[in-house]
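Here is how the chains run, residue by residue.
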Amino acid sequence: GDSVTQMEGPVTLSEEAFLTINCTYTATGYPSLFWYVQYPGEGLQLLLKATKADDKGSNKGFEATYRKETTSFHLEKGSVQVSDSAVYFCALSDSGNNAGNMLTFGGGTRLMVKP
Amino acid sequence: NAGVMQNPRHLVRRRGQEARLRCSPMKGHSHVYWYRQLPEEGLKFMVYLQKENIIDESGMPKERFSAEFPKEGPSILRIQQVVRGDSAAYFCASSQLVGSRTDTQYFGPGTRLTVL
């Protein structure tokens with residue numbers, strides 16, 4: 001079945017540091033890939049997405065590139081801020097094996113940014 | 001355009017009681033998904049519904065859990081005879097149909113269920 005693996009957290013960085021959160025996946029079809037962010041006590045917000053190989057999703061300074069050859073979708077940001085502190089979830093939607101595009105999530109990575 | 005609405009935001013039940021969680025999708029969205037997030041874990045798919053139809057319930061526990069999405073009104077996730085292990089955050093997401101595929105899912109704020 002489909003699965004998503006993320007690096008375990010917490011990841012603790014100082015403000016303005018470079019961020020990478022690794023995400024790899026396995027899928028039976030040709031999935032779309034997503035990063036969602038969850039702030040404390042809130043629901044998930046879509047951060048960015050990519051629907052085909054070599055696509056780059058970007059939003060609010062975050063980027064991730066769909067790498068089919070390495071089955072990866074690593075999240076990066078050049079300079080993090082305290083307000084980026086949250087839990088980040090990598091997810092895939094594999095329409096090849098289900099009627100609606102249900103999401104398969106990784107376990108989440110908690111990011112803590114210190115001033 | 002209002003987002004996905006869920007209520008209540010927090011729900012406390014004693015063991016053996018029933019829990020009803022409601023979800024109103026975004027305007028124009030006819031597809032609803034329910035996910036469960038156990039403490040310190042990722043989200044797990046439970047069920048996918050369209051209006052008046054359950055499309056995929058492969059993630060639903062076999063007993064005590066049911067879901068519906070009537071023609072009128074919100075989608076309901078119902079948990080009968082709750083147990084402590086049901087304590088979790090339950091998230092609803094909605095999407096619209098674009099061509100022959102469902103589009104990006106947008107999530108509600110979740111209902112945090114605590115079973116005493």
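Report on the accompanying structure. Sequence order as written defines residue numbering, which begins from 1 separately in each chain. Note on labels: chains are lettered from A, ligands numbered from 1, in written order. Selection of residues for local features in this predicted model requires a pLDDT of at least 70, selection of side-chain atom pairs for listing and counting requires 80 or more, and totals for whole chains, interfaces and linings are taken over all residues. Note that water and hydrogens are dropped before the side-chain values are worked out from all heavy atoms of the structure.

1. A look at the state of the cysteines
Residues and elements named next belong to chain B. Disulfide: a pair of cysteine sulfur atoms within 2.5 Å of each other. The full count for this structure, using the stated rule, is two disulfides over all chains. The disulfide partner of Cys-23 is Cys-92, and the gap between their sulfur atoms is 1.7 Å. Every disulfide takes its handedness from the sign of the S-S torsion; for Cys-23 and Cys-92 that torsion is -50 degrees, giving left-handed. Taken together, the positions of Cys-23 in strand β3 (residues 19–24) and Cys-92 in strand β9 (residues 88–95) put the pair 69 residues apart, joining distant regions of the chain. Cys-92 shares its class with Cys-23; the two are buried. Strands here are runs of E lasting at least two residues and helices are runs of H or I lasting at least four, both read from the DSSP assignment and numbered beginning at the N terminus. Exposure classes here rest on a 1.4 Å probe applied to the protein chains alone. A residue is buried below 20% of its type maximum, exposed above 50%, and partly exposed in between.

2. Quick word on the side chain of Ser94(B)
All names here are of chain B. Note that Ser-94 resides in strand β9. Think of a polar contact as two N or O atoms within 3.5 Å of one another; within protein, one of them needs to be a possible hydrogen donor and the other a possible acceptor, and neighboring residues in sequence only count if both atoms come from side chains. At 3.3 Å, the side chain of Ser-94 forms a polar contact with the backbone nitrogen of Met-26. A polar contact of 2.7 Å, which involves the side chain of Ser-94, links it to the side chain of His-29. If sequence neighbours within four positions are ignored, Ser-94 has contacts with Val-4, Pro-25, Met-26, His-29, His-31, Val-32, Thr-104, Gln-105 and Tyr-106. Pairs of residues are marked as contacts when any of their non-hydrogen atoms sit within 4.5 Å.

3. Re the packing of aromatic side chains
The geometry of an aromatic ring pair is captured by two quantities: the separation of the ring centres and the angle between the planes. Any two of the Phe, Tyr and Trp rings considered here, Trp counted by its six-membered ring, make a pair once their centres fall within 6.5 Å; the pair's planes then place it as stacked at under 30 degrees, edge-to-face at over 60, or tilted in between. Counted according to the given criterion, the structure contains 12 aromatic pairs over all chains. When the centroid spacing of 6.0 Å and the interplanar angle of 70 degrees are considered together, the rings of Tyr35(B) and Phe45(B) count as edge-to-face. Of the two residues, Tyr35(B) is situated in strand β4 (residues 31–37) and Phe45(B) in strand β5 (residues 43–50); the sequence distance between them amounts to 10 residues. As far as the burial class goes, Tyr35(B) and Phe45(B) line up, both buried. Grouping aromatic residues by their ring pairs yields a cluster made of Phe34(A), Tyr36(A), Phe89(A), Phe105(A), Tyr35(B), Phe45(B) and Phe107(B). For a ring to carry a charge above it, either NZ of a lysine or CZ of an arginine must fall within 6 Å of the ring centroid while also lying within 35 degrees of the normal to the ring plane. Here the basic side chain of Lys68(A) rests over the ring of Tyr30(A), its NZ or CZ set 5.6 Å away from the ring centre.

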